[in-house]
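Working through the structure, step by step
Single-letter residue listing:
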Amino acid sequence: QRVLGVAPANREARYQLGRAAALSGVALEAGEAALERFVATPPGEEDAALASGWLRLGSIRERRGDAAGARAAYREAVRLDPG
């Protein structure tokens with residue numbers, strides 16, 4: 001969150017904030033918002049994979065009880081990285 005306060009366009013910071021929320025179950029709303037911005041912006045060379053962002057977003061939506069949103073995010077993750 002501190003990095004985003006200084007560099008709000010930092011994609012990797014958005015991903016990491018969302019990842020932490022997905023794994024911990026804490027600050028799910030902020031994590032979901034960060035991941036939505038992450039997947040909406042073009043990736044940089046050293047950013048986390050876009051499929052990973054969709055996977056984490058699916059996890060957060062699942063935790064929040066949004067089954068349809070979670071399914072859509074998981075489908076997009078598989079589409080981007082079938083493996």
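My aim in this report is to walk through the structure given alongside it, one point at a time.

Cut-offs applied
- Residues numbered from 1 in each chain as written.
- Predicted model: local features only at pLDDT ≥ 70, side-chain atom pairs only at ≥ 80, totals over all residues.
- Heavy atoms only, no water.
- Phe/Tyr/Trp six-rings, centres within 6.5 Å; stacked < 30°, edge-to-face > 60°.
- Helix = DSSP H or I, 4+ residues; strand = E, 2+ residues; numbered from the N terminus.
- Buried < 20%, exposed > 50% of the residue type's maximum accessible area, 1.4 Å probe, protein only.
- Salt bridge = Lys/Arg side-chain N within 4 Å of Asp/Glu carboxyl O.

1. Quick word on the packing of aromatic side chains
How two aromatic rings sit relative to each other is given by the distance of their centres and the angle of their planes. Taken as a whole and judged by the stated rule, the model has 1 aromatic pair. Look at Tyr15 and Phe38: their rings are 5.3 Å apart centre to centre, the planes differ by 45°, and that puts the pair in the tilted class. Here Tyr15 is found in helix H2 (residues 11–24), whereas its partner Phe38 is found in helix H3 (residues 28–40), with 23 residues between them in sequence. In terms of burial, Tyr15 and Phe38 fall into one category: buried.

2. Focus on unusual backbone geometry
Despite not being glycine, Ala27 has its phi angle at roughly 55°, a positive value. Checked against the element boundaries, Ala27 lands in the loop between H2 and H3.

3. Examining the pattern of salt bridges
Once the charged atoms of two side chains with opposite charge are near each other, the side chains can pair. Scanning the entire structure with this criterion turns up 5 salt bridges. In this structure, the salt-bridge partner of Arg61 is Glu32, at a minimum N-O distance of 3.3 Å. Here Arg61, found in helix H4 (residues 50–63), pairs with Glu32, found in helix H3; they are 29 residues apart in sequence, far enough to count as distant. Exposure remark for Glu32: the relative accessible area of 10% places this residue in the buried category. Ionic pairing is found between Glu36 and Arg61, a salt bridge with its closest N-O pair at 3.1 Å. Remark: Arg61 occurs in helix H4 and Glu36 occurs in helix H3; sequence separation between them is 25 residues. In this structure, a network of salt bridges that share partners links the residues Glu29, Glu32, Glu36, Arg61 and Arg64.

None of this, on its own, says anything about what the molecule does.
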